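Residue-level structural notes
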Amino acid sequence: MNHVLGAMNPQGCTVTGFKVPSKDEAAHDFLWRYHQHTPSEGQVAIFNRSHYEDVLVVRVHDLVPKAVWSRRYAQINDFEKTLADNGTHILKFYLHIDPEEQLERFKQRIDDPARHRKISDGDYAERPFWDAYTEAFEDAISKCSTEHAPWFIIPSNHKWFRNLAISRIVAETLESLGMKFPEPTVDIEVIKQKYHAIVQEERTGAEGAETDESERKRGKKGAKKKKKKKS
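Presented here is a report on the structure given in the accompanying data block. (Residues numbered from 1 in each chain as written. Predicted model: local features only at pLDDT ≥ 70, side-chain atom pairs only at ≥ 80, totals over all residues. Heavy atoms only, no water.)

Bringing the overall build of the chain into the picture now. Within the chain one finds ten helices and four strands. Listed by position from the N terminus, the elements making up the chain come as β-α-α-β-α-α-α-β-α-α-α-β-α-α. Out of the 231 residues belonging to the chain, those deemed buried represent 26%. Intrachain contacts of the chain at a sequence separation of at least 6 include 71% that bridge at least 24 residues. Counting every atom, the chain has about 16500 Å² of accessible surface; 54% of that belongs to carbon and sulfur. (Helix = DSSP H or I, 4+ residues; strand = E, 2+ residues; numbered from the N terminus. Buried < 20%, exposed > 50% of the residue type's maximum accessible area, 1.4 Å probe, protein only. Contact = heavy atoms within 4.5 Å. Areas by Shrake-Rupley, 256 points an atom, 1.4 Å probe, with all protein chains shown as cover.)

What follows is the structure, encoded as structure tokens:
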């Protein structure tokens, strides 16, 4: 999700990873915690996982009744429409890898000590539910891909292609917004005059100081010569 009104700048980006809801988050409606992290004007918010977990994990593991999670598609669409109507531009990426590639990445994490930090019990525990997740994702994408908040399915077995595809989509979206640098709040011509006046003043002062120093040195040399001649 991104609310973009200015040039892309990493300092204007936030990244939020959503895990199991806290006690406080669980006490509110399922969308409450996500709304807390939507971007303010001119900012970009990146969600690592999102409100779609509430029609994926809860469905696959029967954490809430079907009567509950099945209503959430419409609620998600309304939520995203509200954001879009208020100037937020939403991009949603589903990074698709096949089961064999996932298993290979698990192996890399085990074999490479530098990747041990990526190992999670949950990843391995969820693998038997691959087909159930696939069905849940298909429903979520088909029911919640809209003109104002489209889903992009990105083939991600090859990370270079994944990165290229997402970068192009983000870049094209930013370019389509026709953004411009904001107008200055000061008179540039006046600032220029002040700048040049300061430069000239400092340069003149520096040249004067050099002249004084040169004359002082010449004076010292002259005094030494006279002193030598007198002696």
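Next comes the rest of the description.
Locating F30 in the fold gives a position in the loop between helix 1 (23-26) and helix 2 (32-35). We classify F30 as buried; its relative accessible area is 13%. Separated by 24 residues in sequence, F30 and D54 place their C-alpha atoms 7.2 Å apart. The residues contacting F30, other than those within four sequence positions of it, are H51, D54, R72, Q75 and I76.

Now for helix 5 (residues 72-85). Relative to the 20 Å expected for 14 residues at 1.5 Å per residue, helix 5 spans 20 Å between its end C-alpha atoms, a close match to the ideal helical length. Those residues of helix 5 lying buried are R72, Y73, I76, N77, F79, E80 and L83. Taken around the axis of helix 5, the buried residues stretch over an arc of 160°, which confines them to a single face. Exposed positions of helix 5 whose direction lies more than 90 degrees from the buried face are D78 and D85. (Expected span 1.5 Å × (residues − 1). Arc of directions from axis to C-beta.)

In this section: the environment of A165. Summarising the element assignment, A165 is placed in helix 9 (residues 159-176). Residue classification places A165 among the buried residues on the basis of a relative accessible area of 18%. In sequence terms A165 and I153 are twelve residues apart; their C-alpha atoms lie 10.0 Å from each other.

Right, let's get into the nonpolar core. Y52 and V55 are the most contacted members of the largest nonpolar core, which has 21 residues in total. Put simply, the parts of the chain that give this core at least two residues each are helix 3 (57-60), helix 5 and helix 8 (130-144). Examining the composition of this core, we find that five residues originate from one element, helix 8, more than from any other. Among residues more than four places away in sequence, those in contact with V55 are W69, R72, Y73, I76, A136 and A140. (Core = buried A, V, L, I, M, F, W, Y, C linked by side-chain atoms within 4.5 Å.)

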